[in-house]
Amino acid sequence: MAFATTTAATAAAAAMALTPQCAKLPGATRQCRTRTSICRAAAMATAPGSASTSAVAAAPVTARLGGRRTASSSVAGMWRQVQGCDDWEGLLEHPVLRSEVARYGELVDACYKAFDLDPASRRHHNCKYGKERMLEEVGMAGAGYEVTKYIYAAPDVMTVPTMEASTSGRGRWIGYLAVSTPEMTRRLGRRDVLVSFRGTVTPAEWLANLMSSLEPARLDPCDPRPDVKVESGFLSLYTSADKTCRFGGAGSCREQLLREVSRLIHSGDSRSDTSVTLAGHSMGGALATLLAYDLAELGLNRAAPITVFSFGGPRVGNAAFKARCDQLGVKALRVANVRDPITRMPGVFLNEATTGAAVLRPWRESCYTHVGVELPLDDLSSVGDLAAVHDLGTYIALLRKPKVAAPRADDGGGGGAVIGRVLEFVGWQRAGAMPWQDAALQMGGLVQTLGLI
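Rules used throughout
Residues numbered from 1 in each chain as written. Predicted model: local features only at pLDDT ≥ 70, side-chain atom pairs only at ≥ 80, totals over all residues. Heavy atoms only, no water. Helix = DSSP H or I, 4+ residues; strand = E, 2+ residues; numbered from the N terminus. Buried < 20%, exposed > 50% of the residue type's maximum accessible area, 1.4 Å probe, protein only. Expected span 1.5 Å × (residues − 1). Pairing = 2+ DSSP bridges. Axes fitted to C-alpha atoms, helices over the stretch in contact; angles between N-to-C directions. Contact = heavy atoms within 4.5 Å. Salt bridge = Lys/Arg side-chain N within 4 Å of Asp/Glu carboxyl O. Phe/Tyr/Trp six-rings, centres within 6.5 Å; stacked < 30°, edge-to-face > 60°. Lys NZ or Arg CZ within 6 Å of the ring centre and 35° of its normal. Polar contact = N/O pair within 3.5 Å; in protein donor to acceptor, adjacent residues only side chain to side chain.

**Student:** Sorry if this is basic, but what is going on with unusual backbone geometry here?
**Tutor:** Most peptide bonds take the trans configuration, and most residues that are not glycine carry a negative phi. Pro346 follows Met345 through a cis peptide bond whose omega is -20°. Along the chain, Pro346 turns up in the loop between β11 (331-337) and β12 (368-369). For Arg218, which is not a glycine, the phi torsion comes out positive at approximately 50°. Position of Arg218 among the secondary structure elements: in the loop between β6 (214-216) and β7 (229-231). For Arg218, a relative accessible area of 47% translates into the label partly exposed.

Shown next as C-alpha cells:
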C-alpha cells in the first residue's frame, strides 16, 4: 500500500480554505499562515506528474515468487517498507529492518555523547561541539549525514528553589536535524531528513515527565480537536519557548522543528525521493511521536513519508490521539525492551489493555494508549539490572543480535510493581541525586499513574 497522496487542486483548495476558519481563532493567525504556506508547498510537491507523485506511484519494491511476497535484501530496494508503508507487516524479524533501526539508534546516541553535563562548562546542558563537526567528534564521522540545525527545548514547569537557578523556561539542547549526504542517499535509495532526540537528562525535564495529566494537544489552530489529548509535560516541552532569549528568539521546540523540516523537505532535488525519519529515546521518542502527529496534521506526510523510530518510549496520548494518528497515516515503530518499565508509563492502570474492564469505562477518555507498531526485544542478561533495561546501548545491542522470542513480559504483580521498578530505575540513573528529585520521584510514580498532575 503506497503512502497517501493528493492532487494539487484538492490540496491547494484545502490550504486556501484554512485561512477564513483560522481568522476566527484568537491568536492563531500567524500559525495558520504558516500552516497555509506549508500546505501549499505540500500541494506543489504532490502535484500530478511531480517527482514525489511518480515515486509514490512507482512499481512496488516487493516481488512475487510463487505467489509469495518477498522483500528485496537491500536498503535501497525496500526503503518504503523499512519506513513503514505496510506497517512493517512480516518485517519485524527482517535483518535489513533491524539493522536500519539500530543505525538510527546510534544516531540518537550521538545526542547523549555530545551533551555537556559539566556544570563548570560554558556549554552546560548544551552540545559540546559545533554542528559541522558534532558527528565526527562523537566517533560517527562516517554516519553519512550533515547536521543542519540544533534543536532546543524549554519545559515551562514550576521548579523547586533548591534546584539550579532559573531552570524553568531555559532552553536546553534536545537534539538535531540532519540530511543524508549524496553517498548515503545513494545507499538508502532516497534522500533522508533526520530528526534525532535525546531522552530525559535535566531536572526540568524530569519534572516535565511527571506532569502526566492529559491535555488537549491543539496543535492545529484551524481544527483544535479538544478530544485529542497528550501528556501535558511532553506538550510543554514541545511547545514552550525559551524565556531567556539565549538562542536569539528561536521560538519553541515545535516552531524550530516545523521551520527546518519544511525547509529540508522542499529544498531537495525534485527528481529524487525524500523521507523524513524521526528518532528518539525515552522522552525523545515521545517528542518524535508528537512531531510526527504535528507534521501529519499539516499535511507534510503527503510531500514525503514520515516515520517514527522510538526506543524505550513512553505512552504519549489518549485513545483519541492514537485514532487521529491512525487516520492521518502516522507511521511509528516502537522498539521496546519487554523488561523496560518506562515503556508502560504513563498509564500503568489506565491504558489500552485495561479500558475493556467495565469498572474502568468511565475513564476511557483518560486512558493512555500507545501509537504505532511494537518491535519487542528481550535479553535475559538484563534481568534485575534496571539501568540496563532502559539504556539505549542495550536497545542497539539487542537489535544487532539474532532475533530472540520476546513475549510482552508480565507486570510482575500489577501496576504497583511497575511503579516500583520505575522508581528504582530512576534511582539507578541518578546516582547522587538532589533531595528534591528523590522526593518528587517517590511521589511521582503513583501520582502519574492516577493522573493527578
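**Student:** Whenever I open this one, helix α11 (residues 283-297) confuses me. Can you help?
**Tutor:** For an α-helix the count is 3.6 residues per turn, leaving residues at separations of three or four pointing the same way. Across its 15 residues, α11 extends 21 Å between first and last C-alpha, which sits within 8% of the 21 Å expected from 1.5 Å per residue. Of all 15 residues that make up α11, 15 are buried, and the element is covered over most of its length. Two residues or fewer after α11 comes Gly299, characterised by a positive phi angle close to 85°.

**Student:** Help me understand the sheet that holds strand β5 (residues 191-197), please; the structure alone is not making it clear to me.
**Tutor:** What holds strands together in a sheet is hydrogen bonding between their backbones, with the strands either parallel or antiparallel. In space, the seven strands of this open sheet follow the order β3-β4-β5-β8-β9-β11-β13, with mixed pairing throughout. Both outer strands of the open sheet, β3 (145-153) and β13 (373-377), are each paired with one neighbouring strand and no more. Here the average twist between neighbouring strands, direction ignored, is 20°. Relative to β11, strand β9 (residues 306-311) runs parallel, the two sharing five bridges. Residue Val308 lies in a different strand from β11, and its bridge partner there is Ala332. Docked against the sheet, α11 engages β4 (172-180), β5, β8 (274-281) and β9, running at close to 150° with respect to β8.

**Student:** How do you make sense of the pattern of salt bridges when you look at a structure like this?
**Tutor:** Where charged atoms from two side chains of opposite charge approach closely, those side chains can pair. The final tally for this structure, using the stated rule, is 17 salt bridges. We note a salt bridge from Asp109 to Lys113, for which the minimum N-O separation is 3.7 Å. Note that Asp109 and Lys113 are positioned in helix α5 (residues 95-114) at a spacing of four residues, about one turn of the helix. The network of salt bridges with common partners includes Asp223, Arg225, Glu297 and Arg324.

**Student:** What should I look at first to understand the packing of aromatic side chains in this one?
**Tutor:** The relation between two aromatic rings is expressed through the spacing of the ring centres and the mutual angle of the planes. Counted according to the given criterion, the structure contains five aromatic pairs. Between Tyr150 and Trp173 the ring centres are 5.2 Å apart and the planes differ by 70°, which places this aromatic pair in the edge-to-face class. Of the two residues, Tyr150 sits in strand β3 while Trp173 sits in strand β4, which places them 23 residues apart along the sequence. Here the two residues Tyr150 and Trp173 agree in accessibility, since each one is buried. The ring of Tyr104 carries Arg103 above its face, with NZ or CZ at 4.5 Å from the centroid. Over the aromatic face of Phe115 sits the side chain of Arg198, whose NZ or CZ is 4.2 Å from the ring centroid.

**Student:** Looking at this structure, how should I read helix α13 (residues 392-400)?
**Tutor:** Those residues of α13 not exposed but buried are Leu392, Thr394, Tyr395, Ile396, Leu398 and Leu399. Contact partners of the buried residues in α13: α5, β8, β9, β11 and β13. Between the side-chain oxygen of the N-cap and the backbone nitrogen of Gly393 there are 2.8 Å, and the N-cap of α13 in question is Asp391.

**Student:** Where do I start with the side chain of Ser282 in this structure?
**Tutor:** Position of Ser282 relative to the elements: it lies in the loop between β8 and α11. For Ser282, a relative accessible area of 10% translates into the label buried. Excluding its chain neighbours within four sequence positions, the residues that come into contact with Ser282 are Gly199, Phe311, Gly312, Gly313, Pro314, Ile342 and His390.

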